[in-house]
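The lines below spell out each chain.
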Amino acid sequence: MAYYTNNRSPPPLQHPVPTHPAYIPEPPSTPMSPQGYQRYTSTTPAPNYAQPIPNAAHPSHLAPPYPSPSAYQPSPHQQPPQMNPAAPVDFSAWGLDNATAAFGMQLGHSAVAAGQEYVQKNLGGFIPISMLKHHFNVSNSYVIKKLQILIFPWRHKPWSRRVLRIENGQSEWSPPREDINSPDLYIPLMALVTYVLLAALYSGLNSRFHPEILGITASKALAVVLLDFCFVKSGCYVLNISGGLSIQVLDLLAYDGYKFVGVIVTLIAGLLGLGRTLYLAIFVYTFLSTAFFLLRSLRSMVLPDASATAAAVNPSQRSRRITFLFLVAVSQILYMGALVRV
């Protein structure tokens, strides 16, 4: 067998022709949009094919497959948009007329100012806003300690409130943040809301929930508070117990709302399914703790010290006031009994 050899030299190597552009074009500069953003249009650049390299022995003449980092440098004339917070809002971008939008904003400010003036004129004469803020001036430590006193009031001492001296020689009660014995409206309000939600949960677990239960429960709670307030206020009027009207109103509302803490504890015991006997025992305990708390707290209002009042309390008046205090404390079992029935 004869072997034939081919003495012809092999063809020269051909390098592949790059099909990608040798550079990345910069995005064209466009005018600013009304919203403050800069729009860029993506256009496909025309392919720039490199010419074939005739001499393959010098690969250094080839263009680099990727552009250098200097190709990504932005042009100096392109600046990011600057937002001026003090500039007026351009409502035309939202499809609104600037004059109409400005008139609407002015009308809204006028309505808010008129509402504040109405509240200050009508409600401020009966209950000053400063006194209302005074009863909401609480702290986290105050709320925790107050809840402990409401549930375990037996060993708490003293029960007298602190007097704060102001610059012009007058005196006022210290805010709840600084005095643990000062009544507040934060805990009664939160307890009222919690009671309504717990009553709705209790009804839902017993397959009796409907949306109207929230309004019915809130109305019943407010009716109980109003009834208790009217009873205590009427007793203070009959017994000629002195005190500012606004101070007595807010203080009595605060004391009347503290009963919801005991009601919430009783409802939680019912939700846990601890049994009827233990449930009744917890209800009796919360009633006794609430009654004892009111006895000690209202004593400074019903039976003030001789140094704190101008007219001395004679023995007959003192006896009637003590009886009135016990009636207020005993009546809590009726209010709490009506509230726990959800």
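All values derive from a computational prediction rather than experimental measurement. (Residues numbered from 1 in each chain as written. Predicted model: local features only at pLDDT ≥ 70, side-chain atom pairs only at ≥ 80, totals over all residues. Heavy atoms only, no water.)

Take empty space enclosed by the protein next. For the structure on display, the rule yields 2 cavities of 30 Å³ or more. Empty space within the largest cavity amounts to approximately 60 Å³. Lining the largest cavity are Leu 150, Ile 151, Tyr 258, Val 261, Gly 262, Val 265, Tyr 285, Thr 286, Ser 289 and Thr 290. Secondary-structure elements contributing two or more residues to the lining of the largest cavity are helix H3 (140-151), helix H7 (259-271) and helix H8 (276-302). In terms of residue class, the lining of the largest cavity is built from 6 nonpolar, 4 polar and no charged. Estimates place the volume of the second largest cavity at around 50 Å³. If you trace the second largest cavity, you find it lined by Lys 146, Ile 149, His 156, Trp 159, Ile 180, Asn 181, Tyr 255, Phe 293 and Ser 297. (1 Å grid on protein atoms, 1.4 Å probe; cavity = no way out; pocket = protein on both sides within 12 Å on 5 of 7 lines; lining within 4 Å. Points joined across faces, edges and corners; volume = space filled by probe spheres on them. Helix = DSSP H or I, 4+ residues; strand = E, 2+ residues; numbered from the N terminus. Nonpolar A, V, L, I, M, F, W, Y, C, P; charged D, E, K, R; others polar.)

Together, Lys 157, Arg 296, Arg 299 and Arg 318 make up a positively charged patch on the protein surface. Relative to the helices and strands, Arg 318 resides in helix H9 (residues 315-330). Under the relative-accessibility criterion, Arg 318 is labelled partly exposed at 39%. (Patch = residues over 30% accessible without salt bridge, like charges linked within 9 Å, V, L, I, M, F, W, Y side chains within 5 Å. Areas by Shrake-Rupley, 256 points an atom, 1.4 Å probe, with all protein chains shown as cover. Salt bridge = Lys/Arg side-chain N within 4 Å of Asp/Glu carboxyl O. Lys, Arg positive; Asp, Glu negative; His and termini not counted. Charge placed at Lys NZ, Arg CZ, Asp CG, Glu CD. Buried < 20%, exposed > 50% of the residue type's maximum accessible area, 1.4 Å probe, protein only.)

Taking 1.5 Å of rise per residue, 20 residues should cover 28 Å, and helix H4 (residues 186-205) covers 29 Å from first to last C-alpha, within 8% of that figure. When H4 is considered as a whole, its buried residues turn out to be Ile 187, Pro 188, Ala 191, Leu 192, Tyr 195, Val 196, Leu 198, Ala 199, Ala 200 and Ser 203. Trailing H4 by a residue or two, Ser 207 shows a phi angle of about 60°, which is positive. (Expected span 1.5 Å × (residues − 1).)

This part covers the pattern of salt bridges. Under the defined criterion, the tally for this structure stands at 2 salt bridges. Measuring nitrogen to oxygen at the nearest pair gives 3.3 Å for the salt bridge that ties Arg 161 to Asp 251. Within this pair, whereas Arg 161 is found in the loop between H3 and strand E1 (163-165), its partner Asp 251 is found in helix H6 (residues 245-257), the two being separated by 90 residues in sequence. Accessibility assignment for this pair places Arg 161 and Asp 251 in one class, buried. Measuring nitrogen to oxygen at the nearest pair gives 2.8 Å for the salt bridge that ties Lys 259 to Asp 228. Note that Lys 259 is positioned in helix H7 and Asp 228 in helix H5 (residues 212-238), a separation of 31 residues in sequence. In this structure, Lys 259 and Asp 228 share a single accessibility class: buried.

Moving on to the environment of Gly 215. By the secondary structure assignment, Gly 215 is in helix H5. On the accessibility criterion, Gly 215 (39% relative accessible area) is partly exposed. Each C-alpha atom, one on Gly 215 and one on Ala 200, is 10.0 Å from the other, the two residues being 15 residues apart in sequence.

Turning next to the packing of H3 against H8. As a packed pair, H3 and H8 sit with axes 7 Å apart at the nearest point and diverge in direction by 110°. In terms of axis orientation, H3 runs roughly perpendicular to H8. Facing Lys 146, Ile 149, Leu 150 and Ile 151 of H3, the residues of H8 in contact are Tyr 285, Ser 289 and Phe 293. Within the contact of H3 with H8, the residues separate by chemical class into 5 nonpolar, 1 polar and 1 charged. (Axes fitted to C-alpha atoms, helices over the stretch in contact; angles between N-to-C directions. Parallel < 35°, antiparallel > 145°, perpendicular 65-115°, else oblique. Contact = heavy atoms within 4.5 Å.)

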